[in-house]
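Listed below, chain by chain, are the residues.
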Amino acid sequence: MRRTRAAAAGAVAVSLMTLVTACGGGSSTSGGSNDSPKTLTYWASNQGAGVEVDKKVLQPELDKFEKQTGIKVKVEVVPWSDLLNRILTATTSGQGPDVLNIGNTWSASLQATGALLPWNAKNFAAIGGKDRFVDSALGSTGAQGQDPAAVPLYSMSYALYYNKQIFADAGITKPPATWDELIADGKKIQAKGKSALGAEGANLSENIHHVFVFAQQHGGDFFTPDGKPDFTDDNVVAAVKQYVDLMAKDKVIPTGDAEYAQNQSVSDFAKGKQAMLLWQSASSNLKSQGMSEDKYGIAPVPVQSGTPGPGSQVNSAVMGINLAVFKNTDNIDGAKKFVKFMTGDAEQKILNTAYSSIPPVKSVQAESVFSSGTNEVLKDTLATSAAALPQVADESQFETAVGTAVKDLFADAAAGRPVTTDSVKAALEKAQQQMPAK
Amino acid sequence: MTTTAPAETAVDHNPSGAAHPGPRRRPGRIRRIGLPYLLLLPALLLELLVHLVPMVIGIVMSFKELTQFYIRDWGTAPWSGLDNYRVSVDFDAPVGEALLHSFLVTVAFTLLSVGLCWLVGTAAAVFLQDTFRGRGLLRALFLVPYALPVYAAVITWVFMFQHDNGLVNHVLHDQLHLTDKPSFWLIGDNSFWALLTVSVWKGWPFAFLIVMAGLQNIPGELYEAAALDGAGMWQQLRRITLPSLRSVNQVLLLVLFLWTFNDFNTPFVLFGKSAPEAADLISVHIYQASFVTWNFGTGSAMSVLLLLFLLVVTGVYLLLTSRGRKPADV
């Protein structure tokens, strides 16, 4: 009996010791190693209509990679809502994947953690060189003056999606090129009983992407050149007000959209309830919701006047997904091979076609398939009139603080409370005070 | 004293009555005293690992300037002394002001939610005290909200609270015409009431369950005697039921208070990582400070402050409720 008790106590102690050891975190070798040359773990962001769709797209490519190199890639598709927290947890514990997708706007923030492999000249040489990638995509891979923290994988830009039938019914012959035209068209559409423009008022990231573009069009920036928040700059205030006024004053965005955060505005558009949508690479999403490509047109996001272009005619943020490698990977060579494979010409064509995005690799972008139909507008936007979101370490905090301010302003507009220059400035002032002090 | 006693005990317990040859064995009393502690050891060690170690780490973090720059190796983050605490309680500055606002919202929300949960749960339990046809079915139905997974239940509420297509507006506005226009429940000021509704819906079955268990222990003779003396239902409730439930209610209210004050799942599923100001509960607020704005040091300081507050409230509550209580007979 006594012996049994002693054995049980011993077993408990051993289990606990194992637990403690397991909690202690993994190796934190700074440059990565090749201890597990035959396997890789890959966290893919959820790009398709669902996690299963992504697995179907990716698995054949990963099998191809295994055949070529003998390296087995275990993929996990992580939903957007979980991805940033999962990366942070992996960063803290050292127990993460070898290769992972990151949102390109997070590049500088994640770079600051020091967990990602810097893409210096040597590493870029291993994947065919930096020159293979288009400049606008490289602009969203990390802070200026530092080696990029990631490599561009899929590029996207915003565009104006419009329902051809609703436009025809309202007597509109061409998509609006300026905001004034959009508001005028919106009134005609509303007169026919349809909703004019959709928005995701409670989605912080969507809010940020739009107010950033409006700020660019007003000649304003959310950060000073030395990286300090400057949210109350007059041009920024005017920009945010103009965006929220689409609901508060111009009333082309329905008040119900103030609480949208789960892509409901895309569904409204796909169902034909709403005439216009400002979205990035929506084609595969619309298709999965039963809207065929012939039902809608795609045009550049409106500008203040004239046509989209550089400077104050910027009409989209440079959107997209980057591929990063965790510094402490146990298969550094394999990870680089995998990045080379995923950014190779063949895979770029397959993957960007599947996700209706634009390849950030110059040679592939030039292919005709990416210069036709809906892709043409997205590609032109990226090439001529898209700007990278601020590449500062506090970008994630900026998205939350300003995104929440815009969300609250939309809530005011929806409740019928006035949205004035002062109330916008006060909301942005509060957002700025919430940013980490330097 | 300590050296002789075990030996004597050992001899006393020797059935043969003969002295042991060679060195004496100790066991007896020590073994008897030591065994419970030995059996408790795994639980204590697990408690240490699961609760105490993270708590100590959290306290250490609260004294550090822990941002994304140091998260990879948080031990290297510079010490910031009491800065994180100062920032958290500086109610004139934005961080402290927002924390105070969140704290007050949480207090109001908790008091209302706990009060309503208790009221509804007690009423339902008293109602189901008498036997009648269908009582079993009703009891089972009442427990449904408690049995449902939180995420599934709350996400269903999100659908119901939607402005354009939600059931709540459909009933209140379209059918009963109680509002001029459809209301927003997931943004703006009404979000507080939406949160409270879900919290009470989710929480009252627990109160019901506990009160119902408490009611089983009240002897039926008390009610019979009271009825003979002419006491009505209300008097029976006031003079017999509630006083008999006192100790059950003390525990129930404390548990409900702690759960509701710390509830993270309900507001997070209902509103996401950025709750409307009117429904900015402290648990989500601290989560936001730590994991959304990556200010882990400040978030840890806020957590420690919250822990201290809850310890004080629990302590005072236990002190007040145990006053005058006699130790239980063994």
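What you are looking at is a predicted structure, and each value in this text was computed from that prediction instead of being measured. (Residues numbered from 1 in each chain as written. Chains lettered and ligands numbered in written order. Predicted model: local features only at pLDDT ≥ 70, side-chain atom pairs only at ≥ 80, totals over all residues. Heavy atoms only, no water.)

A word on the confidence of the model for chain B. Residue and element names in this part refer to chain B. In this model, chain B carries a mean pLDDT of 86, and residues with pLDDT of at least 70 account for 89%. Least confident of the elements in chain B is helix H1 (residues 4-12), whose mean pLDDT is 40; most confident is helix H4 (residues 94-127), at 95. Low pLDDT (under 50) marks residues 1-19, which in the prediction has seven contacts with non-local residues, meaning those over four places away or in another chain. Scored as a complex, the prediction yields pTM 0.84 and ipTM 0.81. (pLDDT = per-residue confidence, 0-100. Helix = DSSP H or I, 4+ residues; strand = E, 2+ residues; numbered from the N terminus. Contact = heavy atoms within 4.5 Å.)

Residues and elements named next belong to chain A. Assignment of secondary structure puts alanine 426 in helix H18 (residues 421-433). For alanine 426, a relative accessible area of 46% corresponds to the partly exposed category. Through-space distance from the C-alpha of alanine 426 to that of alanine 405 is 9.3 Å; in sequence the pair is 21 residues apart. (Buried < 20%, exposed > 50% of the residue type's maximum accessible area, 1.4 Å probe, protein only.)

Residues and elements named next belong to chain A. As summarised here, the arrangement of the four strands in space is S6-S7-S5-S8, forming an open sheet in which the pairing is mixed. Because the sheet does not close on itself, it has two edges, and the strands there are strand S6 (195-198) and strand S8 (296-299). Each adjacent strand pair in this sheet contributes to an overall mean axis angle of 20 degrees, direction not counted. Relative to S8, strand S5 (residues 158-163) runs antiparallel, the two sharing four bridges. Residue pairing across strands places tyrosine 162 opposite glycine 297, the latter belonging to S8. Where helix H9 (residues 204-217) meets the sheet, it contacts S5 and strand S7 (274-280), and its direction lies at approximately 90 degrees from that of S7. (Pairing = 2+ DSSP bridges. Axes fitted to C-alpha atoms, helices over the stretch in contact; angles between N-to-C directions.)

Right, let's talk about helix H13 (residues 332-342) of chain A for a bit. Summarising burial for H13 of chain A: eight of the 11 residues are buried, a large majority. Taken as a whole, H13 of chain A has its buried residues at Ile332, Gly334, Ala335, Lys336, Phe338, Val339, Phe341 and Met342 of chain A.

In this structure the tally under the stated criterion is 39 aromatic pairs over all chains. For the ring pair tyrosine 161 of chain A and tyrosine 296 of chain A, a centre distance of 5.9 Å and an interplane angle of 50 degrees mean the geometry is tilted. With a gap of 135 residues between them, tyrosine 161 of chain A in strand S5 and tyrosine 296 of chain A in strand S8 connect regions that are remote in the sequence. Note on tyrosine 161 of chain A: relative accessible area 0%, which makes it buried. Aromatic ring contacts, followed pair by pair, group Phe264, Phe268, Tyr287, Phe291 and Phe296 of chain B into a single cluster. Over the aromatic face of tryptophan 43 of chain A sits the side chain of arginine 86 of chain A, whose NZ or CZ is 4.5 Å from the ring centroid. The ring of phenylalanine 133 of chain A has arginine 132 of chain A lying over it, and the distance from NZ or CZ to the ring centre is 5.8 Å. (Phe/Tyr/Trp six-rings, centres within 6.5 Å; stacked < 30°, edge-to-face > 60°. Lys NZ or Arg CZ within 6 Å of the ring centre and 35° of its normal.)

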